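Summary of the model geometry
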Amino acid sequence: MPVSVRRTVVIFPEHSRKVSVTVAASLEGTTPVLPGAPAPVVVAIDGPSGTGKSSTSKAVAAKLGLSYLDTGAQYRAITWWMLTHGVDVDDPAAVAEAAERPVIESGTDPSAPTITADGEDAGGPIRTPEVTAAVSAVSAVPEVRARITALQRHIADSAERGIVVEGRDIGTTVLPGADLKIFLTASPEARAARRGGELKAQNGQADLAATRQALLKRDQADSSRKTSPLAKADDAVEVDTTELTLEQVIECVVTLIEEKQRVA
Ligand SMILES: Nc1ncnc2c1ncn2[C@@H]1O[C@H](COP(=O)(O)OP(=O)(O)O)[C@@H](O)[C@H]1O
Ligand SMILES: Nc1ccn([C@@H]2O[C@H](COP(=O)(O)OP(=O)(O)O)[C@@H](O)[C@H]2O)c(=O)n1
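Structure report, in brief. Because the structure is predicted, anything quoted here is derived from the model rather than measured. As a convention, each chain's residues are numbered from 1 in the sequence order in which they are written. Chain letters start at A and ligand numbers start at 1, both assigned in the order the entries are written. Local features in this predicted model are restricted to residues of pLDDT 70 or higher, and side-chain atom pairs are both shown and tallied only at a pLDDT of 80 or more, whereas totals for entire chains, interfaces and linings draw on every residue. Side-chain metrics rest on all non-hydrogen atoms present in the structure, leaving aside hydrogens and water.

1. Brief notes about the site of ligand 1
The full set close to ligand 1 counts 16 residues, and Gly50, Lys53, Ser55, Arg195 and Glu198 are the nearest of them. Side-chain polar atom of lysine 53 to an oxygen atom of ligand 1: 2.8 Å apart, as the coordinates give it. Each polar contact in these results corresponds to two N or O atoms within 3.5 Å; when the atoms are within protein, one needs to be able to donate a hydrogen and the other to accept it, and residues that are neighboring in sequence are counted only if both atoms are side-chain atoms. Note that an oxygen atom of ligand 1 is positioned 2.4 Å from one of the side-chain N or O atoms of serine 55. Per-residue and other accessible areas follow the Shrake-Rupley method at a 1.4 Å probe size, with only the shown protein chains counted as cover for residues. Burial of ligand 1 by the surrounding chains reaches 78%, relative to a free accessible area of 560 Å². For the shell around ligand 1, the secondary-structure elements that each account for two or more residues are α1 (53-64), α7 (188-203) and α9 (246-263). Any residue with a non-hydrogen atom lying within 4 Å of a molecule or strand is treated as near it. Helix and strand definitions follow DSSP, with helices as H or I runs of at least four residues and strands as E runs of at least two, each counted in order from the N terminus.

Here you go:
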């Protein structure tokens, strides 16, 4: 019979505004920890853009010696490949037909994650506005999702010490048996300010209203697609990062993982 725990973990008692999250964890199917050799832990971190998934996942994986997978980078890489190979990204049939063609490879070292398409470094080009504008349409195509999901599961299965996988559908679809699922949220204003800060650092300027609008448009597309939309898994811990520093979010996730490992 599945065992279930529900309790509140107060993460930052030293701060005047206490931050707490309610943990509902099912212990069913949890791999036992061997003495001296921690079992590989699989952590799924989902949420919309700008909630802190990448920064948090990388830092948590580095702290705990785990692998790290940025699944958004994979969808961006396949989108970039389509754009540079003359595939009409607004034609789902053309995208489906091309879905098997590129070789997408991810390096999972959290201190130096990499992404290539047909062996070519895609780390820079996948962050361009053209790719950002096209990625939701490409990632909505079921053939693309099937291909990338299989890749993600293979990478997670091969991670000897465990892995932090971040994206939109990791807890719901890709790794429904993950040991811990986190769903990060933040207000649209906070998310736009964070993305705006990045754009300002890159280009010396940022249009916050346009950034906010583009984020919300992508949220809407990602949440409403038929196949594997952006969604919180029923058993995910939701963490609202609006008022938290990145360090607080990292600490929160590390604490949740350690709690999970203790009860395993
Ligand atoms: N809690 C936070 N407070 C302030 N800035 C943050 C926080 N979390 C992340 N950031 C910053 O916001 C930006 C977007 O974070 P990122 O991790 O890329 O989000 P996501 O992967 O969810 O799109 C980055 O510049 C990051 O440093
Ligand atoms: N698991 C995932 C991850 C990303 N994606 C798609 O890939 C896009 C880019 O993801 P990302 O994580 O790089 O986006 P940011 O949050 O970094 O802006 C998303 O807007 C989704 O369309 C997805 O469909 N499923």
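The rest of the description comes next.
2. Regarding helix α2 (residues 71-84)
Here a helix's expected span is defined as the number of its residues, less one, multiplied by 1.5 Å. With 14 residues, α2 extends 20 Å between its outermost C-alpha atoms, agreeing within 8% with the 20 Å of an ideal straight helix rising 1.5 Å per residue. Extensive coverage of α2 is indicated by the burial of 11 of its 14 residues. What α2 keeps buried is the set Thr71, Ala73, Gln74, Tyr75, Arg76, Ala77, Ile78, Thr79, Trp80, Trp81 and Met82. With its phi angle positive at about 70°, glycine 86 sits one or two positions after the end of α2. Accessibility here uses a 1.4 Å probe with only protein chains present; expressed as a share of the type maximum, an area under 20% marks a residue as buried, one over 50% as exposed, and anything in between as partly exposed.

3. Quick notes on the site of ligand 2
Ser49, Arg76, Arg145, Arg218 and Asp222 are the nearest of the 19 residues found near ligand 2. In isolation ligand 2 offers 520 Å² of accessible surface; the protein chains occlude 98% of this area. Breaking the shell around ligand 2 down by element, the ones donating at least two residues are α2, α4 (129-139) and α8 (208-224). It is α2 that provides the largest number of residues to the shell around ligand 2, a total of four residues. Any residue outside Ala, Val, Leu, Ile, Met, Phe, Trp, Tyr, Cys, Pro, Asp, Glu, Lys and Arg is labelled polar, Gly included; the first ten of those are nonpolar and the last four are charged. Class assignment of the residues belonging to the shell around ligand 2 gives a composition of three nonpolar, six polar and 10 charged. Counting residues domain by domain, the shell around ligand 2 receives three or more from each of domain 1 (39-52 + 164-259) and domain 2 (67-158). For each domain, the first and last residues come from an automatic or database assignment.

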